[in-house]
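# Examination of the molecular architecture
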Amino acid sequence: MSDVRQRVGAPAIQDDATARLPYQLPASPDVSSDVIVPDLLDDDGDDRIWVPQSEHVSFRPLLLSTSNGYYVNLLRVRRSGVLSRHRHAGPVHAHVLRGRWHYLEHDWVAETGTYAYESPGEVHTLIVPDDVTEMITLFHVTGGLVYVDPYGAPIGYEDAHTKLASARQHYADCGLGADYVDRFVR
Ligand code: FE
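Cut-offs applied
- Residues numbered from 1 in each chain as written.
- Predicted model: local features only at pLDDT ≥ 70, side-chain atom pairs only at ≥ 80, totals over all residues.
- Heavy atoms only, no water.
- Core = buried A, V, L, I, M, F, W, Y, C linked by side-chain atoms within 4.5 Å.
- Buried < 20%, exposed > 50% of the residue type's maximum accessible area, 1.4 Å probe, protein only.
- Helix = DSSP H or I, 4+ residues; strand = E, 2+ residues; numbered from the N terminus.
- Contact = heavy atoms within 4.5 Å.
- Pairing = 2+ DSSP bridges.
- Donors = N, O, S within 2.8 Å, 3.2 Å for Na, K, Ca; no water.
- Salt bridge = Lys/Arg side-chain N within 4 Å of Asp/Glu carboxyl O.
- Axes fitted to C-alpha atoms, helices over the stretch in contact; angles between N-to-C directions.

Turning our attention to the nonpolar core. Judged by nonpolar contacts, the single largest core of 38 residues is most densely connected at W101, L126, M135, F139 and Y171. Only β2 (57–65), β3 (70–77), β5 (92–98), β6 (100–103), β9 (123–128), β10 (135–142) and α2 (160–174) provide two or more residues apiece to this core. Setting aside residues no more than four positions away along its own chain, W101 makes contact with A94, V96, W108, V109, A110, E118, L126, I127, P129, M135, T137 and F139.

Once that is clear, we can look at the pairing of strand β12 (residues 154–159). Sheet topology places strand β11 (residues 144–148) next to β12; five bridges connect them, and they run antiparallel. If you follow V148 over to β12, its bridge partner there is P154. The hairpin formed by β11 and β12 contains five residues between the paired strands, and G152 there has a positive phi angle of roughly 95 degrees.

Further remarks concern the coordination of the iron ion. Bound to the iron ion on the protein side are H86 (NE2), H88 (NE2) and H124 (NE2), at distances that span 2.0 to 2.2 Å. Considered as a linear motif, the donors of the iron ion on their single chain read H-x1-H-x35-H. Each of the two residues, H86 as well as H88, counts as buried.

Let us now look at unusual backbone geometry. With phi around 55 degrees, D39 is a residue other than glycine that occupies positive phi space. By the secondary structure assignment, D39 is in the loop between α1 (4–8) and β1 (51–54). The residue H56 is not glycine, and still its phi comes out positive at about 75 degrees. Position of H56 relative to the elements: it lies in the loop between β1 and β2.

The tally for this structure, following the rule as stated, stands at eight salt bridges. Taking the shortest distance from any N to any O, the salt bridge between R98 and D43 comes out at 3.1 Å. In this pair, R98 is assigned in strand β5 and D43 in the loop between α1 and β1, connecting sequence segments 55 residues apart. According to the relative accessible area criterion, R98 is partly exposed, its value standing at 22%. Between K163 and E158 there is a salt bridge whose closest N-O contact spans 3.7 Å. According to the relative accessible area criterion, E158 is buried, its value standing at 11%. Among the ionic contacts, a cluster of salt bridges with common partners joins D43, R78, R98 and E134.

This part covers the sheet that holds β9. Strand order in this open sheet of six strands is β7-β6-β9-β4-β11-β12, and the pairing throughout is antiparallel. A strand with exactly one partner marks an edge of an open sheet, and here the two such strands are β7 (109–111) and β12. With direction set aside, neighbouring strand axes in the sheet form an average angle of 30 degrees.

Turning our eyes to something else, we now look at the environment of G152. Mapped onto the elements of the fold, G152 is located in the loop between β11 and β12. Sequence-wise, G152 and H86 are 66 residues apart; in three dimensions their C-alpha atoms are separated by 8.4 Å.

Once that is clear, we can look at the pairing of strand β4 (residues 81–88). Examined bridge by bridge, β4 and β9 share five bridges and lie antiparallel to one another. Residue pairing for β9: L83 is matched across the bridge by L126. Inspection of the sheet shows β4 paired to β11 by three bridges, in the antiparallel sense. Paired with H86 across the two strands is Y147, which belongs to β11.

Spelled out as structure tokens, the structure:
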């Protein structure tokens, strides 16, 4: 049986003559530009990039994909408490950058450095425990989420488009300019 690494061409450090030759063909005009966001945890940066959602809760957009229906953002919560119960239409990837939280519906705890995958159809209520003064988590949310009452009845929703609209409004109001958000949209 052949070595799978040989069959699929596993990446390796190369030192042949062409190894450092960049891709030589023109970039396709259909490929959109990269989005690079440095200093995700820059506490001394311009706090206006954080879009307030409610008192003590704000988000920072990283990628708002209006064409593919997902968004990647940082969620920042600066008080302990309960965040609105919601149901996800698509998969969610979470990476905790600071602080700690858990869901009312599960017994696992997301701490700094934790990665969590949440399945489509998942319904949960996020809790920031009393001893946590700030949590920041990177959430990649596919599709959207629906805020629900304890029995699943819908009471609100959120998706890349609502995130974009609130960020645009906030950036206009705070002086960064409504078009500041455009750099995050693909
Ligand atoms: Fe969620």
